Amino acid sequence: VDVVVAEKFAEEMQKNVTNPIKITTNPKEATDHEVLITVTHAQEPFLTRSMVKPGTIIMPMGSFQEISDDLILAMDKLYVDHIEQSFHRGALKDLYECGEIDFDMVTATFDELVAVDSTPLPDMDKDITITIPIGTGALDVTLAGIVYERAIEKNIGTDFDITQ
């Protein structure tokens, strides 16, 4: 875990939220927070149901399964960016393949959440909510845009024509 990068991210994002952002390398320290975002290279689940209180939003961002099956099965709400893709890789893949979860468990997609008059914002104070933003690569494209803008600002990088 690159704690320096995580701390810089937290510092930049803090202006967007009211509660403090805490960076930890110890999952046991994550038990009493409203939002848990995991961004790791973990090959095995490390965040379990017993570590998460009701009213928590969990966003596993790693490429593998960072959250345990018991936590997924205990969720009250599930939000995804792309239903099919979200069930074919990452946190939901294994449970989907063995038939323990299915597409009907999706509360809403991200586009439904932001559509005007489509899906009212839910009260999540008593729910365990899992969000899976891995289906469309939207975050990857957004991050690439930020990296590009910063490279332009710092006058670093190399331009080349990819059409030839």
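It should be emphasised that the depicted structure is a prediction, and the values quoted were computed from it without experimental measurement.

Q: So what exactly am I meant to see when it comes to a nonpolar patch on the surface here?
A: Where nonpolar side chains cluster on the molecular surface, the patch consists of Val3, Phe9, Met13, Val17, Ile21 and Ile23 and spans about 440 Å² of accessible area. Note that Ile21 resides in the loop between α1 (3-13) and β1 (35-38).

Q: Quick question: what am I supposed to make of the environment of Val39 here?
A: The topology assignment puts Val39 in the loop between β1 and β2 (56-60). Relative accessible area serves as the criterion here: at 62%, Val39 is assigned to the exposed category. Note: C-alpha distance between Val39 and Met61 (22 residues apart in sequence) is 5.0 Å. Discounting residues that sit within four places of it in the chain, Val39 has contacts with Met61 and Glu66.

Q: I keep staring at the confidence of the model for the chain and nothing clicks. Help me out?
A: Do not read the predicted coordinates in detail wherever pLDDT is low. Averaged over every residue, the pLDDT of the chain is 85; the share at 70 or more is 93%. Confidence, read as mean pLDDT per element, is least for helix α5 (residues 110-114) in the chain (79) and greatest for helix α2 (residues 69-73) (96).

Q: Could you clarify how one ought to interpret the environment of Met75 in this entry?
A: Its location among the elements puts Met75 in the loop between α2 and β3 (77-80). Among the residues examined, Met75 registers a relative accessible area of 11% and is labelled buried. Expressed as a C-alpha distance, the spacing of Met75 and Thr56, which sit 19 residues apart in the sequence, is 9.8 Å. What Met75 contacts, discounting residues up to four positions off in sequence, is Met105, Ile128 and Ile130.

Q: Teacher, can you tell me more about empty space enclosed by the protein here?
A: Any empty space left between atoms is shown by rolling a water-sized probe over those atoms. In the structure shown here, the tally under the stated rule is one cavity of 30 Å³ or more. Here the largest cavity defines a volume of roughly 30 Å³. Taken together, Pro60, Gly62, Phe64, Gly90, Ala91, Ile132 and Ile134 form the lining of the largest cavity. The residue makeup of the lining of the largest cavity, split by class, is five nonpolar, two polar and no charged.

Q: What exactly am I supposed to notice about the nonpolar core here?
A: General note: in soluble globular proteins, nonpolar side chains tend to be found buried as a group. Leu47, Ile58, Ile67, Ile72, Leu78, Ile130 and Ile132 are the most contacted members of the largest nonpolar core, which totals 21 residues. Among the secondary structure elements, those contributing two or more residues to this core are α2, β3 and β5 (128-132). If you tally residues by element for this core, the top one is β5, at three residues. Ile130 has contacts with Ile58, Pro60, Ile67, Leu71, Ile72, Met75, Lys77, Leu78 and Tyr79, leaving out every residue within four places of it along the chain.

Q: Looking at this structure, I do not really get the sheet that holds β5. What am I missing?
A: Strand-to-strand pairing in sheets goes through backbone hydrogen bonds, with the strands running parallel or antiparallel. Pairing within the open sheet is parallel, and its five strands lie in the order β1-β2-β5-β3-β4. Single-partner strands in this sheet number two, and they are β1 and β4 (108-109). The sheet contact formed by β3 and β5 spans four bridges and is parallel. Each bridged residue has a counterpart across the sheet, and for Lys77 the counterpart in β5 is Thr129.

Q: Quick question: what am I supposed to make of a negative patch on the surface here?
A: A contiguous patch of negative charge, built from Asp69, Asp70, Asp94 and Glu100, is present on the exposed surface. Counting through the fold element by element, Asp69 comes out in helix α2.

Criteria and thresholds
- Residues numbered from 1 in each chain as written.
- Predicted model: local features only at pLDDT ≥ 70, side-chain atom pairs only at ≥ 80, totals over all residues.
- Heavy atoms only, no water.
- Patch = residues over 30% accessible without salt bridge, like charges linked within 9 Å, V, L, I, M, F, W, Y side chains within 5 Å.
- Areas by Shrake-Rupley, 256 points an atom, 1.4 Å probe, with all protein chains shown as cover.
- Salt bridge = Lys/Arg side-chain N within 4 Å of Asp/Glu carboxyl O.
- Helix = DSSP H or I, 4+ residues; strand = E, 2+ residues; numbered from the N terminus.
- Buried < 20%, exposed > 50% of the residue type's maximum accessible area, 1.4 Å probe, protein only.
- Contact = heavy atoms within 4.5 Å.
- pLDDT = per-residue confidence, 0-100.
- 1 Å grid on protein atoms, 1.4 Å probe; cavity = no way out; pocket = protein on both sides within 12 Å on 5 of 7 lines; lining within 4 Å.
- Points joined across faces, edges and corners; volume = space filled by probe spheres on them.
- Nonpolar A, V, L, I, M, F, W, Y, C, P; charged D, E, K, R; others polar.
- Core = buried A, V, L, I, M, F, W, Y, C linked by side-chain atoms within 4.5 Å.
- Pairing = 2+ DSSP bridges.
- Lys, Arg positive; Asp, Glu negative; His and termini not counted.
- Charge placed at Lys NZ, Arg CZ, Asp CG, Glu CD.

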